[in-house]
Amino acid sequence: MELYYVLSIVDRNRARAMLDIHQSLQLSLALTNLGKGTATSEHLLLYDLVETEKAIIGTVASDSSVRQLIRTAKRKLFIDIPGNGVMMVIPMKSIGGGRSLAYLTDGQTLGGETPDMSFENELIIVILNEGYSDMVMDAARDAGATGGTVFHAKGTGRAKSEKFFGVSLAEEKDMIYILASAKKKAAIMKNINQECGPETRACAICFSLPVSEVAGIRKLDED
């Protein structure tokens with residue numbers, strides 16, 4: 001059995017419906033964060049959309065459950081139509097401990113398979129000082145990103161007075177999720193690092209994860 005981390009980003013008023021789908025499939029874990037979209041006014045106008053607050057729902061699922069989850073979300077929430085949300089499927093390479101594995105798989109026995117790590121899309125995750133998300137998204141868009149989702153976080157790894165490459169680190173953080181095609185990922189991350197990296201006020205760091213399947217963003221499929 002292959003395991004995946006599935007991220008669903010929907011308008012907050014649709015979060016309950018998405019969670020109901022998770023529960024109907026008996027998925028053992030569903031974590032919800034609150035965020036907001038960062039699409040430009042031009043992009044919103046193109047698809048006749050309005051800017052809304054978002055809910056970010058994460059769960060762990062087997063390959064068969066992933067297919068059921070996406071199929072049900074398409075049927076009930078029309079997730080494959082732009083403006084109704086996006087779902088990203090991220091392969092999980094390892095899990096820490098037998099009890100964690102049993103919890104995530106509801107006691108099912110895993111085989112020796114690992115997910116296919118060839119992919120066309122990637123999820124860029126940016127961690128930055130609070131209040132600089134517009135600066136980061138401007139840099140990302142200049143390199144080809146179409147939008148992202150930002151939400152608030154709290155740093156706990158360093159003392160308030162500690163510095164990183166001479167820049168004071170703020171305890172309050174923003175995080176940004178940017179879904180991009182693999183061929184654009186390097187340019188986007190390079191521009192974020194150059195314009196908003198550790199030596200700037202944003203003090204942004206970024207990394208990427210493979211996304212094996214996407215639902216809800218047709219532009220990536222067309223590219």
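Quick caveat: nothing in here was measured; it's all calculated off a predicted structure.

Conventions used here
- Residues numbered from 1 in each chain as written.
- Predicted model: local features only at pLDDT ≥ 70, side-chain atom pairs only at ≥ 80, totals over all residues.
- Heavy atoms only, no water.
- Core = buried A, V, L, I, M, F, W, Y, C linked by side-chain atoms within 4.5 Å.
- Buried < 20%, exposed > 50% of the residue type's maximum accessible area, 1.4 Å probe, protein only.
- Helix = DSSP H or I, 4+ residues; strand = E, 2+ residues; numbered from the N terminus.
- Contact = heavy atoms within 4.5 Å.
- Salt bridge = Lys/Arg side-chain N within 4 Å of Asp/Glu carboxyl O.
- pLDDT = per-residue confidence, 0-100.
- Arc of directions from axis to C-beta.
- Expected span 1.5 Å × (residues − 1).
- Polar contact = N/O pair within 3.5 Å; in protein donor to acceptor, adjacent residues only side chain to side chain.

Student: It is not clear to me how the nonpolar core should be interpreted in this structure. Could you clarify?
Tutor: The nonpolar side chains of a soluble globular protein tend to be buried with one another. Residues Val6, Met18, Val66, Leu69, Ile70, Ile79 and Met87 are the most contacted members of the largest nonpolar core, which totals 20 residues. Counting only elements with at least two residues in this core, the list comes to β1 (3–11), α1 (15–24), β3 (53–62), α3 (63–77) and β4 (86–91). The element contributing the most residues to this core is α3, with five residues. Once residues within four sequence positions are removed from consideration, Val6 is found in contact with Ile57, Gly58, Thr59, Ala61, Val66, Leu69, Met87 and Met88.

Student: Explain the pattern of salt bridges to me, please; I cannot follow it from the model alone.
Tutor: Side chains carrying opposite charge are able to pair once their charged atoms draw close together. Throughout the structure, instances matching the rule amount to five salt bridges. Between Arg12 and Glu53 there is a salt bridge; the shortest N-O distance is 3.4 Å. Remark: Glu53 occurs in strand β3 and Arg12 occurs in the loop between β1 and α1; sequence separation between them is 41 residues. Close ionic contact of Arg141 with Asp138 constitutes a salt bridge, the shortest N to O distance being 3.6 Å. Taken together, the residues Arg141 and Asp138, both in helix α5 (residues 133–142) and three residues apart, mark about one turn of the helix.

Student: Sorry, what's going on with the confidence of the model for the protein here?
Tutor: Interpretation of the predicted coordinates at a detailed level should be avoided for regions scoring low in pLDDT. Counting all residues, the mean pLDDT for the protein is 79, and 70% of those residues have values of 70 or more. The lowest-confidence element of the protein is helix α2 (residues 41–46), averaging 48 in pLDDT; the highest-confidence one is α5, averaging 94. Note on residues 42–50: pLDDT is under 50 here. Beyond four places in sequence and across chains, it has nine contacts.

Student: Sorry if this is basic, but what is going on with α1 here?
Tutor: Every α-helical turn comprises 3.6 residues, leaving residues that sit three or four positions apart pointing alike. Taken together, the buried positions of α1 are Ala15, Met18, Leu19, Ile21 and His22. Looking straight down α1, one finds its buried side chains confined to an arc of 150°; they lie on one side. Where α1 is buried, its residues touch β1, β2 (31–37), β3, α3 and β4. Positive backbone phi, approximately 60°, marks Gln26, located one or two places after α1.

Student: Help me out: how do you make sense of unusual backbone geometry in this one?
Tutor: Backbone phi values are negative for most residues with the exception of glycine, while trans is the configuration of most peptide bonds. Although it is not a glycine, Gln26 adopts a positive phi angle of roughly 60°. Its location among the elements puts Gln26 in the loop between α1 and β2. Positioned with a positive phi, Phe78 is a non-glycine residue whose angle comes to about 55°. Its place among the elements puts Phe78 in the loop between α3 and β4.

Student: Got a minute to help me understand helix α6 (residues 182–196) in this structure?
Tutor: A rise of 1.5 Å per residue sets the reference length of α6, with its 15 residues, at 21 Å; its end C-alpha atoms lie 21 Å apart and thus fit the reference within 8%. Residues of α6 that are buried make contact with β5 (121–129), α5, β9 (172–181) and β10 (205–211).

Student: When you look at the environment of Lys173 in this model, what are you seeing that I'm missing?
Tutor: Considering the arrangement of structural elements, one finds Lys173 in strand β9. Sequence spacing of Lys173 and Leu128 is 45 residues, and the spatial spacing of their C-alpha atoms is 5.7 Å. Separated by 3.1 Å, the side chains of Lys173 and Asn129 make a polar contact.

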